[in-house]
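Given next are the chains, with one letter for each unit.
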Amino acid sequence: MTRSFEKVGIVGLGTMGAGIAEVFARAGLTVVGVEADPAALERGRGHLEGSTGKAVAKGRLTEAGRAEILGRVALTTSLEDLADADLVIEAIPEVMAFKRALFTDLDRICKPSAVLATNTSSLSVTEIAAVTARPGQVVGMHFFNPAPVMRLVEVIHTVTTAKGLAEEVAALARRLGKTPVSVGDRAGFVVNRLLLTYLNHAAVLLESGLSTRDGIDAAMRLGVGLPMGPFALLDLIGLDTSYEIMCALFQETRDRRHAPAPILREMVSAGLLGRKAGCGFHDGDGPSSQAVGKPSVNSVALMGEGAEEFAAQLSAAGFKVEFGDDADVVIAMSHTPVIELAAHLPHPHRLVGLHLVGEKVAEVASTVLTSPEVARGVEGLVRIAGRTPVLCKDRAEFVVDALLYPYLNDAVRMYDSGYAGMDDIDAAMRLGCGYPAGPFEMLDTLGLETVRDGLRALYAEYRDPSFAPAPLLDKLVTAGARSIRDLS
Ligand SMILES: NC(=O)c1ccc[n+]([C@@H]2O[C@H](COP(=O)([O-])OP(=O)(O)OC[C@H]3O[C@@H](n4cnc5c(N)ncnc54)[C@H](O)[C@@H]3O)[C@@H](O)[C@H]2O)c1
């Protein structure tokens, strides 16, 4: 028999709970919103009235529609009012002790058939379910912020969740107009686990001096087409929230890749929490734009694959490329370190590596011998060619691939561990992060072998076990598979 969810309780009407209450009320369900005390209840009412009021002002909702939605939401400070709810979603602060205390109460108060759900971002749903006498009826229902706008809902089942319940909850999410993805109970689920690990990696690379904050941000935004660079996004999410999620990931996996970058801890301790504090990686003014001087480069020697394309871009922009043995700068087109070429050059300090990324970005890699003037000169040439330069060190896979490939590798490992499907992981990253494509779609576009080889190069350089290609990826390349979907 299919369960019917008509009356829904939401506990905690803060940022998330108020939005979730609105989502259910908009879909025509009866909602009971519970807050800790009368003052918090009034704040919750304010969130609901404010959000629906904005929708009316923007013409997305009529006054009558708004009144109907608000009329479906009863507000209370008594958990006892949830006795006959079919589903209760908890959205109180991210503290395990609070959640376990609340679920103990809910288990006592709610009718035996009620489903209890948590909106936790990173805590163990299994651990929360374990305090109840109904662990089979406990799931995670992870909405994204702002809940009325974001379509994604991660539906988390534990080893004790009753068979079929996650599908019923997913069907409910569809009724709300959301796109559910089904996930097992691992810290961070799909989105936070993949996203925060990548953001943390960006912070690690920044600390290693690979490139600058603005360089890395530009590389990922303009080079990969992500809506924001990693540091702008860390500022938006909040460095404290990001740090806490990384701690939860590390606590579960003990994987060095999940260890929060020390710079995050330091910035959180200093109160540099990101946008909410007015200061984080960016100081609130956004990325600084660098002044563009005329490059002091008159002659260029270009070598490697893509040299003609870059020369054509320079010529089209009016820069006359003078080639010669004694050129001011020697540009080696490459996506791998170029230092070995330096030994064969009469002026090794004139050598830089140049990697064109997509249509908009070029990574400019300086070796330990490259003179700063030469790097600046090539930076200017890149701007003339109409691309954004990303200055970096001459390290394996430079910036974009060094960040992207391990993220794709994490997605393959996630799929291979059996707790989320490929389509669900792709949908989660597209809808949860606004990425132009999911990781498996990106893998297919880039080519399995390219990514596998890039990971091998990263592993050889950094010796970090998490950069070793996932065995599944390696096997697919060995088997000659062209797409990871050849598996299914
Ligand atoms: N903010 C986000 O972007 C986001 C996104 C997804 C999930 N989450 C998760 O959602 C949950 C809530 O986060 P938030 O950002 O909405 O927090 P919040 O601090 O904005 O709201 C929490 C609310 O819970 C209330 N509360 C606390 N104890 C209570 C109790 N015992 N009974 C009733 N109400 C109680 C508080 O008064 C407050 O209004 C957390 O688990 C968080 O990890 C947050």
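Predicted, not measured: the structure shown is a model, and the values here were computed from it.

J.: Residue-level account of the site of the ligand, with values.
T.: The full set close to the ligand counts 20 residues, and Met16, Glu35, Glu94, Lys99 and Asn119 are the nearest of them. Contact between the ligand and Glu94: an oxygen atom at 2.5 Å from a side-chain N or O atom of the residue. At a separation of 2.9 Å, an oxygen atom of the ligand approaches a polar side-chain atom of Asn119. Contact with the protein chains covers 71% of the free accessible surface of the ligand, which is 830 Å². One can see that the ligand is located within the largest pocket. Among the elements of the structure, α1 (15–26) and β6 (138–143) are those that each provide at least two residues to the shell around the ligand. Of the residues assigned to the shell around the ligand, the class counts are nine nonpolar, eight polar and three charged.

J.: Please provide a residue-by-residue account of the pattern of salt bridges, values included.
T.: Oppositely charged side chains can form a pair if their charged atoms are brought close together. For the structure on display, the rule yields 27 salt bridges. Put simply, Glu6 and Arg175 hold a salt bridge, and the shortest N to O gap is 3.2 Å. Highlighted residues: Glu6 in the segment before β1 (7–11) and Arg175 in helix α6 (residues 165–175), separated in sequence by 169 residues. Judged by its relative accessible area of 37%, Glu6 is partly exposed. Residue class for Arg175 comes out partly exposed when judged on its relative accessible area of 40%. Linked by salt bridges that have partners in common, Arg452, Asp453, Arg456 and Asp474 make up one network.

Parameters and conventions
Residues numbered from 1 in each chain as written. Predicted model: local features only at pLDDT ≥ 70, side-chain atom pairs only at ≥ 80, totals over all residues. Heavy atoms only, no water. Near = heavy atom within 4 Å. Polar contact = N/O pair within 3.5 Å; in protein donor to acceptor, adjacent residues only side chain to side chain. Areas by Shrake-Rupley, 256 points an atom, 1.4 Å probe, with all protein chains shown as cover. 1 Å grid on protein atoms, 1.4 Å probe; cavity = no way out; pocket = protein on both sides within 12 Å on 5 of 7 lines; lining within 4 Å. Sits in = over half its atoms within 2 Å of the grid points. Helix = DSSP H or I, 4+ residues; strand = E, 2+ residues; numbered from the N terminus. Nonpolar A, V, L, I, M, F, W, Y, C, P; charged D, E, K, R; others polar. Salt bridge = Lys/Arg side-chain N within 4 Å of Asp/Glu carboxyl O. Buried < 20%, exposed > 50% of the residue type's maximum accessible area, 1.4 Å probe, protein only.

As far as function goes, none of this settles anything; it's purely spatial.
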